[in-house]
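The residues making up each chain are set out below.
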Amino acid sequence: MKEVIRPKSVAQPNGPYSHAIKTENFVFISGQIPLDPETGSIKGKDIKEQTEAVLKNLKTVVEAAGSSIDKIVKTTCFLKDMNDFPEFNKVYEAFFKANSPESFPARSTLGGLQIPKGSLVEIEAVAIN
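The following paragraphs examine the structure supplied in this document. (Residues numbered from 1 in each chain as written. Predicted model: local features only at pLDDT ≥ 70, side-chain atom pairs only at ≥ 80, totals over all residues. Heavy atoms only, no water.)

1. Brief notes about the packing of aromatic side chains
Ring pairs (aromatic) are described by centroid distance and by the angle formed between their planes. Counting across every chain of the model gives 5 aromatic pairs. Consider the rings of Phe 88 and Tyr 92, whose centres lie 5.6 Å apart with planes at 40°: the pair is tilted. With Phe 88 and Tyr 92 both in helix α2 (residues 85–99), this residue pair falls 4 residues apart, about one helical turn. Each member of the pair, Phe 88 together with Tyr 92, is buried. Chaining the aromatic ring pairs together yields one cluster made of Phe 85, Phe 88, Tyr 92, Phe 95 and Phe 96. Between Arg 107 and the ring centre of Tyr 92, over which it is positioned, the NZ or CZ distance is 4.5 Å. (Phe/Tyr/Trp six-rings, centres within 6.5 Å; stacked < 30°, edge-to-face > 60°. Helix = DSSP H or I, 4+ residues; strand = E, 2+ residues; numbered from the N terminus. Buried < 20%, exposed > 50% of the residue type's maximum accessible area, 1.4 Å probe, protein only. Lys NZ or Arg CZ within 6 Å of the ring centre and 35° of its normal.)

2. What about a nonpolar patch on the surface?
Together, Phe 26, Phe 28, Val 73 and Ile 128 make up a nonpolar patch on the protein surface, roughly 320 Å² of accessible area in all. By secondary structure assignment, the location of Phe 28 is in strand β3 (residues 26–32). (Patch = residues over 30% accessible without salt bridge, like charges linked within 9 Å, V, L, I, M, F, W, Y side chains within 5 Å. Areas by Shrake-Rupley, 256 points an atom, 1.4 Å probe, with all protein chains shown as cover. Salt bridge = Lys/Arg side-chain N within 4 Å of Asp/Glu carboxyl O.)

Okay, structure coming up:
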């Protein structure tokens, strides 16, 4: 059994995918970029602002699925430029410490990528349901 998750408080998908798919045991969250849900445009001009917006979108989607940030077990992070890694990492660390203080999820980070709409960052995740 699977359930499609499409919260209205996050910008709607630009292609044939769902924000998340909820199964009996897991929530698979599609890559989130820093889209403003009202305008559909990129929110933030630098890696710090964009990472904050992405993490806010990620939190909205995981909560819409009935899970939470502290139940995220794996993230995959995509950066346009690996030179942004130190600033990205600071925002990411602060977010997960505030929302999941006991542990960080497993993570992979890839860089040097073209991300939709010219975003500097994209994050996908898997959470326990």
